[in-house]
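# Observations on the three-dimensional arrangement
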Amino acid sequence: MLVLLPPSEGKTPPRRGGRSLDLVSLSSPGLTPVREKVLDALQEVSSRDDAVRVLGVGASLADEVARNTRLRDAPTAPARRVYTGVLYAAAGLDRLTPTGRARAAESVRIVSGLWGAVSPEDHIPAYRLSMGTDLPGIGPLASVWRGPLGVELDARADGELVIDCRSAAYLAAWHPPRSADWVTVRVEREVDGVRSVVSHHAKHTRGVLTRHLLTRRGKAPVDAASLARVAGELVGHELLAVELGPAGRGARTLSLVVA
């Protein structure tokens, strides 16, 4: 089982005194050369007068953009503490038992515009960078990461169930190989018998599914059908229904229906 998550836009800065960034210590060490290049480019762009515009954020986030210029010396913490927001609040990666944390370290990868992919246990600083950014000196980040992520993750996903909770920008950075049982997670709201795809609540529901996969007793799902059965355990509590789309080329879709 491989669970793919997007990073959160909001991040909690680690406390002062934490160890500084060590790119070599991060998981997926084959990504280090690209991480170095993206980090250098981000620091340079973030020092420019037009940094907020180039990075596509509002003026209210100028302080966070300025913090990008100090990332190499900034304090770090495990990614499970740095990433916050709706999905991560529901997933509770920082509230797992030691057994759950070990399972998450093995099974969860957070796809990032800056790091490529990290484990919840990787120590990172808080930063501001979206995968949808066309970074000067580097180019569109989804394109930059596509090849390196393939080299690093294709073998990990080979023959595995890949549970994909990423948003569209992060999906563009890497597709699992055909040998993987790839399932994307879609959240729909049902009101008076009419369904519609939701976005904000989708983050919460994907987080709920992630936590359930990491904390439930029993064997982890090994294919799309067993994933649907495991998700079905949430029906009557968090969900109204679970539906697995038909197999075909590319990913299957697991629809989680909420009220």
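In short, a report on the structure. (Residues numbered from 1 in each chain as written. Predicted model: local features only at pLDDT ≥ 70, side-chain atom pairs only at ≥ 80, totals over all residues. Heavy atoms only, no water.)

## Concerning the overall build of the chain
- The helix and strand inventory of the chain stands at 10 helices and 12 strands.
- In summary, the chain has a C-alpha radius of gyration of 18 Å against a globular reference of 18 Å for 259 residues, a match within 12%.
- Oriented by its inertia axes, the alpha-carbon framework of the chain measures out at about 50 × 40 × 35 Å.
- Per-residue burial for the chain yields a buried fraction of 50% across its 259 residues.
- The long-range share in the chain, meaning contacts at least 24 apart out of those at least 6 apart in sequence, stands at 66%.
- Summed over its atoms, the accessible surface of the chain is roughly 12000 Å², and 50% of this surface lies on carbon and sulfur atoms. (Helix = DSSP H or I, 4+ residues; strand = E, 2+ residues; numbered from the N terminus. Rg over C-alpha atoms; globule rule 2.2 N^0.38 Å. Buried < 20%, exposed > 50% of the residue type's maximum accessible area, 1.4 Å probe, protein only. Contact = heavy atoms within 4.5 Å. Areas by Shrake-Rupley, 256 points an atom, 1.4 Å probe, with all protein chains shown as cover.)

## Brief notes about the pairing of strand S1 (residues 2-5)
- Neither face of S1 is open: one carries Leu2 and Leu4, the other Val3 and Leu5, and all of them are buried.
- Sheet topology places S1 next to strand S8 (residues 161-164); 3 bridges connect them, and they run parallel. Residue pairing for S8: Leu4 is matched across the bridge by Asp164. (Pairing = 2+ DSSP bridges.)

## Overview of the packing of helix H6 (residues 98-107) against helix H9 (residues 200-215)
- Two numbers describe how H6 lies on H9: the axes approach to 9 Å, and their chain directions differ by 115 degrees. It follows that H6 is roughly perpendicular to H9 by the angle criterion. Crossing handedness for the pair H6 and H9: right-handed. Here Gly100, Arg103 and Ala104 of H6 come into contact with H9, specifically with Leu213, Leu214 and Thr215. (Axes fitted to C-alpha atoms, helices over the stretch in contact; angles between N-to-C directions. Parallel < 35°, antiparallel > 145°, perpendicular 65-115°, else oblique. Left-handed = near helix turned anticlockwise from the far one by under 90°.)

## Things to note about the packing of helix H1 (residues 32-46) against helix H7 (residues 141-157)
- Here H1 crosses H7 at 165 degrees, and the two axes come no closer than 10 Å. In terms of their interaxial angle, H1 and H7 are classed as roughly antiparallel. Of the two elements, H1 crosses H7, and the hand of that crossing is right-handed. In this structure, H1 contributes Val34, Arg35 and Val38 to the contact, and H7 contributes Leu141, Val144, Trp145 and Pro148.
- Of the residues that constitute the contact of H1 with H7, the class distribution is 6 nonpolar, no polar and 1 charged. (Nonpolar A, V, L, I, M, F, W, Y, C, P; charged D, E, K, R; others polar.)

So yeah, pure geometry; function would need other evidence.
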